Amino acid sequence: DEVLSKVTPEFVAKYPEQLEFTRKLAKFIGVEVENICLVNGSAEGIRYIIQAYSRPGGKVLSVSPSYAMYDVYCNMYGRQSVHVNYDDNLEMDVENIVDSIDDDIDLVIILNPNNPVGDVYTYEEMDKIVAACKEHECTLLIDEAYFYFYPNSFIRYAMENEHVLLTRTFSKVFSLAGARLGYVVGQKEYVEIVQKLATPHNINAF
């Protein structure tokens, strides 16, 4: 009731201001404002990262099955989707992912926990993936849409490493899918590239 009482005609008539919320979010997750790019749901952030960090005709590596929009965006931008498939027991050996990362891969996408399978990666496994991406000079996107359901977050990898970006959303545990709110986290220079692709006022006032 308190929130709704503030939704006045003046409130909805103005373009939304992002800075106050971004400051609160940065403090909450322990980063600086310049390490965050707000997006219209994390799906928008994923789209921008695929657009910015892979080449036309380039290869984007992810596991299968996983979030369907990775392939949709690859098709939109003329990228090649390369999949590492789960075995018949729906188990994934991280070495299969590492072995699939080579000089032809532009972008690796890891959803943790993965949907719809529900499995997770350990820090040791993520270390191997990050090392392989560094060796072959490709960007790593860690999709943490479901990280609230798993005690390990990989946000430090985005803050400590070049060419590592992380996305989160308010659509899952916060049940705010209708608000279309998400964010990208990473080192300043990499987040700035994503920010340049975002449209003005892409986050709604609510």
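Structure shown above.
The following refers to the structure shown. (Residues numbered from 1 in each chain as written. Predicted model: local features only at pLDDT ≥ 70, side-chain atom pairs only at ≥ 80, totals over all residues. Heavy atoms only, no water.)

**As for the packing of aromatic side chains**
Tallied over the full model, the rule gives 11 aromatic pairs. Where Phe 170 meets Tyr 183, the ring centres are 6.1 Å apart and the plane angle is 55°; that geometry is what we call tilted. With Phe 170 in the loop between strand S6 (164–169) and strand S7 (182–185) and Tyr 183 in strand S7, this pair connects stretches of sequence that are 13 residues apart. For the pair Phe 170 and Tyr 183, a shared accessibility class is recorded, and that class is buried. The ring of Tyr 123 has Arg 156 sitting right over it, with the charged end atom 5.2 Å from the ring centre. One residue, Arg 156, lies across the ring of Tyr 157, its end atom 4.4 Å from the ring centre. (Phe/Tyr/Trp six-rings, centres within 6.5 Å; stacked < 30°, edge-to-face > 60°. Helix = DSSP H or I, 4+ residues; strand = E, 2+ residues; numbered from the N terminus. Buried < 20%, exposed > 50% of the residue type's maximum accessible area, 1.4 Å probe, protein only. Lys NZ or Arg CZ within 6 Å of the ring centre and 35° of its normal.)

**Things to note about a negative patch on the surface**
On the surface, a cluster of negative charge is contributed by Glu 32, Glu 34, Glu 162, Glu 189 and Glu 192. The residue Glu 189 is located in helix H9 (residues 188–197) in this model. (Patch = residues over 30% accessible without salt bridge, like charges linked within 9 Å, V, L, I, M, F, W, Y side chains within 5 Å. Areas by Shrake-Rupley, 256 points an atom, 1.4 Å probe, with all protein chains shown as cover. Salt bridge = Lys/Arg side-chain N within 4 Å of Asp/Glu carboxyl O. Lys, Arg positive; Asp, Glu negative; His and termini not counted. Charge placed at Lys NZ, Arg CZ, Asp CG, Glu CD.)

**A short note on the pairing of strand S5 (residues 139–143)**
By the criterion of burial, S5 is predominantly enclosed, with five of the five residues buried. Of the two faces of S5, the one holding Thr 139, Leu 141 and Asp 143 and the one holding Leu 140 and Ile 142 are both buried throughout. With five bridges connecting them, strand S4 (residues 105–111) and S5 associate as parallel partners. By the bridge assignment, Val 108 is partnered in S5 with Leu 140. Taking the sense of rotation as the criterion, the β-α-β connection linking S4, helix H7 (residues 123–135) and S5 turns out right-handed. (Pairing = 2+ DSSP bridges. Right-handed = clockwise from strand over helix to strand, strands pointing away.)

**With respect to the layout of surface pockets**
If you add up the space inside the largest pocket, you get close to 900 Å³. Listed by contribution, the elements that provide at least two residues to the lining of the largest pocket are helix H1 (2–5), helix H2 (9–13) and helix H3 (19–29). Considering every element that reaches the lining of the largest pocket, the biggest residue donor is H3, with four residues. Considering only residue class, the lining of the largest pocket consists of 15 nonpolar, two polar and seven charged. Of the volumes computed, that of the second largest pocket is approximately 250 Å³. Of all elements in the fold, only S4 and H7 reach the threshold of two or more residues within the lining of the second largest pocket. In terms of residue count, the dominant contributor to the lining of the second largest pocket is H7 (three residues). Tallied by class, residues from the lining of the second largest pocket come to six nonpolar, four polar and six charged. (1 Å grid on protein atoms, 1.4 Å probe; cavity = no way out; pocket = protein on both sides within 12 Å on 5 of 7 lines; lining within 4 Å. Points joined across faces, edges and corners; volume = space filled by probe spheres on them. Nonpolar A, V, L, I, M, F, W, Y, C, P; charged D, E, K, R; others polar.)

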